[in-house]
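# Structural characterization, general
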Amino acid sequence: MQRRHVVQYGAAGVGAVALMLGFGWWRVDGPGAPKPASQRPLPLSAMEFRLTDHEGNEVGPGTVIGRPTMVFFGFTYCPDVCPTTLSDISGWLEDLGDEAAQMNVAFITVDPARDTVDAMAEYVGYFHPAIRGWTGPEDQIARAAEGFRASFERVPTEGGGYTMNHTASVFLFDAEGELVTMIDYHEPREFAVPKIRRALTEDVEGAT
Amino acid sequence: MVKKLRYTNALAVLLTVVGLSAPALAGSEDVVVENAWSRASIGVNRPGAAYMTVRNTGEDALTLTGLATPLAVMPQIHETKTNSDGVSSMAPAGEITIEPGQSVALEPGGLHAMLMKLQEPMIEGETFPLTLAFSDGGEVTVEVPILGIAARGPES
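Residues numbered from 1 in each chain as written. Chains lettered and ligands numbered in written order. Predicted model: local features only at pLDDT ≥ 70, side-chain atom pairs only at ≥ 80, totals over all residues. Heavy atoms only, no water.

Taking the numbering used here, the UniProt-annotated feature "binding site: Cu cation" (unreviewed entry) corresponds to Cys-78, Cys-82 and His-166 of chain A. A stretch of 89 residues holds the annotated residues, and the largest C-alpha distance among them is 10.5 Å, short enough that they meet in one place. Tracing the chain through its elements places Cys-82 of chain A in helix H3 (residues 81–96). The buried category is assigned to Cys-82 of chain A, whose relative accessible area is 3%. Setting aside residues up to four positions removed in sequence, Cys-82 of chain A forms contacts with Gly-74, Phe-75, Tyr-123 and His-166 of chain A. Tracing the chain through its elements places His-166 of chain A in strand S7 (residues 162–167). With residues up to four places along the chain from it excluded, the contact list for His-166 of chain A reads Phe-73, Gly-74, Phe-75, Cys-78, Val-81, Cys-82, Val-110, Ser-151 and Phe-152 of chain A together with Gly-86, Val-87 and Ser-88 of chain B. (UniProt positions renumbered as here; feature names shortened; annotations may be inferred. Helix = DSSP H or I, 4+ residues; strand = E, 2+ residues; numbered from the N terminus. Buried < 20%, exposed > 50% of the residue type's maximum accessible area, 1.4 Å probe, protein only. Contact = heavy atoms within 4.5 Å.)

Before going further, it helps to spend a moment on the interface of chain B and chain A. How big an interface is tends to be stated in terms of the accessible area lost upon association of its parts. Listed as interface residues are 30 residues of chain B and, on the opposing side, 30 residues of chain A. Contact between chain B and chain A buries roughly 2,300 Å² in total, counting both sides, with carbon and sulfur atoms accounting for 56%. Three residues stand out in chain B for area buried against chain A, namely Ile-42, Arg-46 and Arg-152 of chain B, and they jointly supply 25% of the buried area on that side. There are 0 salt bridges connecting chain B and chain A. Put simply, the parts of the chain that give the side of chain B that touches chain A at least two residues each are strand S2 (48–56), strand S4 (72–82), strand S5 (87–92) and strand S8 (111–118) of chain B. For the side of chain B that touches chain A, the element with the most residues is S5 of chain B, which contributes 5 residues. Strand direction decides the pairing type here: S7 of chain A and S5 of chain B, joined by 2 bridges, are antiparallel. When the sheet's bridge partners are listed, His-166 of chain A is paired in S5 of chain B with Ser-88 of chain B. (Buried area = accessible area lost by both parts, 1.4 Å probe. Salt bridge = Lys/Arg side-chain N within 4 Å of Asp/Glu carboxyl O. Pairing = 2+ DSSP bridges.)

What follows deals with the sheet that holds strand S4 (residues 104–109) of chain A. Residue and element names in this part refer to chain A. Ordered in space as S2-S1-S5-S4-S3-S8-S9, the 7 strands form an open sheet in which the pairing is mixed. Each having just a single partner strand, strand S2 (58–59) and strand S9 (179–183) make up the two edges of the open sheet. Both strand S8 (residues 170–173) and S9 contribute to a ladder of 4 bridges, which runs antiparallel. Each residue of the ladder has a partner; that of Val-170, found in S9, is Ile-183. This element, H3, spans strand S3 (69–74), S4, strand S5 (131–135), S8 and S9 of the sheet and lies at about 165° to S3. Strands in contact with helix H5 (residues 138–148) are strand S1 (51–53), S3, S4, S5 and S8; relative to S3, the strand with the most contacts, it is inclined by about 120°. (Axes fitted to C-alpha atoms, helices over the stretch in contact; angles between N-to-C directions.)

Next up, the structure:
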């Protein structure tokens, strides 16, 4: 009789501990965990990387602070997402017209092995003239991606080549280099233009 | 160019007529391909992509099994997916089944005909033939217009 009680209490105790451990996991590492703040891109002023633009100029986060800025990652050997993003951005810039004239637009390659300065120059030439192509050594690209909390990965393809998985969002910063918002890849165009306007107006408000 | 476009129209009419006249038969003759377009390439090193809508006007499901074109050594249907973190990736889509009366859209950011190992550059203003192979052994060939690199859709 006594022994049966002990077994029952013991089982209940083990069950309670397992429940607490399970709950703890859910809150800390599991789906209940809060999104870490570290997934938000850093302000441009807190980033550090050195790249070269498609005209051979040395560029970095400091180059674009002072004006509202749009940044996105891609590569020129990308047949679908990247030309679509570049032509979407070209369309947004056309819609904004003079409003966008004071904006920096940087397209950072995640495939510097193939995207040399010359390759970037040829490619961006087909899109809106405000779009600058940035490339550089792999470690500097990696540092840039880290600052934006963007990711990229080289994936081999069937034909012996490779493609790149990469963050396809467009990052919008105000003139001080603070993140205003992001435009996700599939967002309808009518949402994008007001978001860019917000980055542009925050600049006006900051200046007055 | 004009001649080629006229040929495309004739083909589309032909396909529609065949589809209407034999509605009971299921097969690639019930396929209508619309709004095909592609972007010009820079040289031949980069893969190209083509887009279109494939409509099954028949009464049975049809499966798109493969692509062929003299333009590229390895044409394949690929799918771009963007996950919740905003990361886009691309992978072969495998076979695509189109239910009767339904259509499948190959469009930017989703399914597309990926043209790997281009044999020649894709030049704006030209067209190229693309053959779609179906599970019934039938084939449908369309002339795909090549638009500018910055094109966003079949009209631009």
